[in-house]
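# Commentary on secondary and tertiary structure
Each chain is listed here by its residues.
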Amino acid sequence: MFSLPGDFLSAIAADFPADFLLTDPADLKEYGRDWTRVIEPAASAVALPRSTDEVSRLLTLCHRHGVHIVPSGGRTGLAAGAVAAKGELVLSLQRMNKMFPVDLLGATVRVQAGAVTEAVHAHAAEHGLTWPVDFASKGSSQVGGNIATNAGGVRVIRYGLTRQWVLGLQVVLANGDVLELNGALEKNNTGADLRQLFIGSEGTLGVITEATLKLTRLPEKVEVLLFAVPDLAGVLSLFREARKGPFTVMAYEFFTEKCLTRLRRHRKAANPLSSPSDYYVLLEVERAESEAMEAWVGSVFERELATDGTQAQHSSQAAELWALREGISESLSATGLPHKNDIALPIAELQAFCAELEAFFEKRYPGWEIALFGHIGDGNLHLNVMKPDNLEKAEFCKKRARPTTTFLHLSKNTKGRFRPNTV
Ligand SMILES: Cc1cc2nc3c(=O)[nH]c(=O)nc-3n(C[C@H](O)[C@H](O)[C@H](O)COP(=O)(O)OP(=O)(O)OC[C@H]3O[C@@H](n4cnc5c(N)ncnc54)[C@H](O)[C@@H]3O)c2cc1C
């Protein structure tokens, strides 16, 4: 159990509201960990500020007393960035969830960093607008966490990364100084753009307390389709055709039968295709005219680019198809112990990388289950190596601490960029 310096605690008691700090063991456990659930949390306390001023005064005190902090958003991160494992003080942005009125002329909205991603979507949707940062954890993740991780998601192929949708930032530095970066300016070519430095810095440079977000119109006439394809080459061939299709591609996601099997072990899921396959593609498109869409789907089957497929007929069917893809992460953790890796590759190198990956595992770890899924549209693979049932957790953890160098060697061969998670 870690404890904070007595004079630091006295200063907190004197300067902040009585409910500012949590120290209950159950709270320390909950706020001290994120979705990875692998590293044992060991936070010393949890601070829950309500304003930028409180964050600034807290960081000034931490700086003075040498107290280390971990900024904490929705704790949906999968790389243990928000885990407090060494007695750090967790600085949760949870209470800072205010959303200001949407600026319809500028198509922007200012929010506090603790605003939940999905709540921002709902706020903007009232005006026919959206903040197009979107993924399965949107119901819990916060704008501050999205910005701190420069989050991607399922619509990167259409809209790009979070970076593209942040106009201005307010951040508090470790010594308590408050910076306003870029305001709400679309055009600002005066000097270096410090805002971009904070986007993706994962809490290492400062705490994001507010942001001005750029909005875009809500998509119209969205269609969701699911295809079965025989192999990864098939996933890529269909992608080539989709890019040429008579519509705008909003999302192009893939997953394997192994992922679906895990999903079904965890929860009830729709079974929309009559014949199973090793690989599936979820395609979401915008502005497809019915006749053109029908012709395109027909040509996909005529040319045997897919072995089976279905198109959602209404929004609840579309949600069922999306649930197949979005429930995977949760199912892998619920039914086993995944070692997660997030890999970004040029799309052209995905197939060679996966072939090499398969050969590598067959040779080094025969019989180990690999659950592969991801956002083919932007070359992002989620590679989950599952702990074999007959292997002790400690032995698995020992083995997974090792493969990094081998994996880096692998990625060098395929000239890709590979960022291994160390958890
Ligand atoms: C089911 C599921 C699907 C996911 N899909 C995707 C996906 O498709 N693409 C993707 O990119 N990610 C994905 N993620 C990962 C995660 O949801 C995102 O990275 C999300 O942006 C993290 O936001 P958060 O608020 O939960 O941040 P947290 O997990 O709380 O924190 C993440 C990091 O940001 C720092 N941080 C948090 N708030 C602040 C702040 N206000 N100021 C400074 N630093 C801060 C933390 O210290 C930590 O280092 C997924 C996660 C889950 C569980």
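Not measured: the values here are computed from a predicted model.

## A short note on the domain arrangement of the protein
With domains assigned, the protein is organised as domain 1 (6-92), domain 2 (108-217), domain 3 (222-329) and domain 4 (336-419). The distance between the C-alpha centroids of domain 1 and domain 4 comes to 33 Å.

## Here we look at the sheet that holds strand β1 (residues 21-22)
Reading across the sheet, the four strands line up as β1-β2-β4-β3 and stay open at both edges, with mixed pairing between neighbours. Either end of the sheet is taken by a strand with one partner, and the two such strands are β1 and β3 (69-72). Bridge count between strand β2 (residues 45-47) and strand β4 (residues 89-92): three bridges; the pairing is parallel. Paired with Ala-45 across the two strands is Leu-89, which belongs to β4. Strands β2, β3 and β4 of the sheet are contacted by helix α3 (residues 52-65), whose axis makes an angle of about 165° with β4.

## Side note on the side chain of Ser-44
Structurally, Ser-44 can be placed in the loop between α2 (25-31) and β2. According to the relative accessible area criterion, Ser-44 is buried, its value standing at 6%. There is a polar contact of 2.9 Å between the side chain of Ser-44 and the backbone oxygen of Gly-87.

## Observations concerning helix α12 (residues 328-335)
Buried within α12 are the following residues: Ile-328, Ser-329, Ser-331, Leu-332 and Thr-335. Buried positions in α12, seen along its axis, are confined to an arc of 165° and lie on one side of it. In the core, the buried residues of α12 are packed alongside β12 (248-256), α9 (257-266), α11 (315-326), β15 (338-344), β16 (370-375) and β17 (380-386).

## Structural notes on the pattern of salt bridges
Opposite charge on two side chains permits them to pair, given that their charged atoms come into close proximity. This structure, assessed with the given rule, holds 20 salt bridges. With a shortest N-O distance of 2.6 Å, Glu-284 and Arg-155 are connected by a salt bridge. Residue Glu-284 is located in strand β13 (residues 279-286), and its partner Arg-155 is located in the loop between α5 (143-148) and α6 (156-159); the two are separated by 129 residues in the primary sequence. Each of the two residues, Glu-284 as well as Arg-155, counts as buried. In this structure, Arg-262 and Glu-369 form a salt bridge, with 2.8 Å as the shortest nitrogen-oxygen distance. Taken as a pair, Arg-262 in helix α9 and Glu-369 in the loop between α13 (350-364) and β16 lie far apart in primary sequence, 107 residues in all. Shared partners join several salt bridges into a network, and the residues in it are Asp-134, Lys-138, Arg-155 and Glu-284.

## Examining the sheet that holds strand β5 (residues 108-112)
The strand order across the open sheet formed by four strands is β5-β9-β7-β8, and the pairing between neighbours is antiparallel. Edge positions in the open sheet fall to β5 and β8 (178-181), since each of these has one partner strand only. Across the sheet, the mean angle from the axis of one strand to that of its neighbour is 15°, orientation sign disregarded. Note: strand β7 (residues 166-172) against strand β9 (residues 207-214), six bridges, orientation antiparallel. The residue bridging Leu-169 from the neighbouring strand is Ala-211, located in β9.

## Focus: the site of the ligand
What surrounds the ligand is a group of 33 residues, the closest being Pro-71, Gly-74, Thr-76, Gly-77 and Ser-137. Contact between the ligand and Ser-137: an oxygen atom at 2.6 Å from a side-chain N or O atom of the residue. Within the contact set of the ligand, an oxygen atom lies 3.3 Å away from a backbone nitrogen or oxygen of Glu-202. Expressed as a share of its isolated accessible area of 970 Å², the protein-covered part of the ligand is 93%. Listed by contribution, the elements that provide at least two residues to the shell around the ligand are β3, α5 and β9.

Thresholds applied
All residue numbers refer to position in the chain's written sequence, counted from 1. Where totals are concerned, whole chains, interfaces and linings use all residues; where local detail is concerned, this predicted model gives features only for residues with pLDDT of at least 70, and gives and counts side-chain atom pairs only at 80 or more. To obtain the side-chain values, all non-hydrogen atoms of the structure were included, while hydrogens and water were left out. An automatic or database domain assignment supplies the start and end points of every domain. Strands are labelled as partners when DSSP assigns at least two bridges between them. Strands are runs of DSSP state E lasting at least 2 residues, helices are runs of H or I lasting at least 4, and numbering of each runs from the N terminus. Between two residues, a contact is recorded if the distance between any of their heavy atoms is within 4.5 Å. Axes, fitted as lines to C-alpha atoms, cover a helix only where it is in contact. Angles between the N-to-C directions of the axes lie from 0 to 180 degrees. Only protein chains enter the accessibility calculation, which uses a 1.4 Å probe. A residue is then buried if its area is under 20% of the maximum for its type, exposed if over 50%, and partly exposed in between. Here a polar contact is recorded for every N or O atom pair within 3.5 Å, except that within protein the pair must consist of a potential hydrogen donor and a potential acceptor, and residues adjacent in sequence are included only if both atoms are side-chain atoms. Directions from the helix axis toward the C-beta atoms define the arc. Criterion for a salt bridge: a side-chain nitrogen of Lys or Arg within 4 Å of a carboxyl oxygen of Asp or Glu. For this description, a residue counts as near a given molecule or strand if any of its non-hydrogen atoms is within 4 Å of it. Working definition of accessibility: Shrake-Rupley area with a 1.4 Å probe, residue cover restricted to the visible protein chains.

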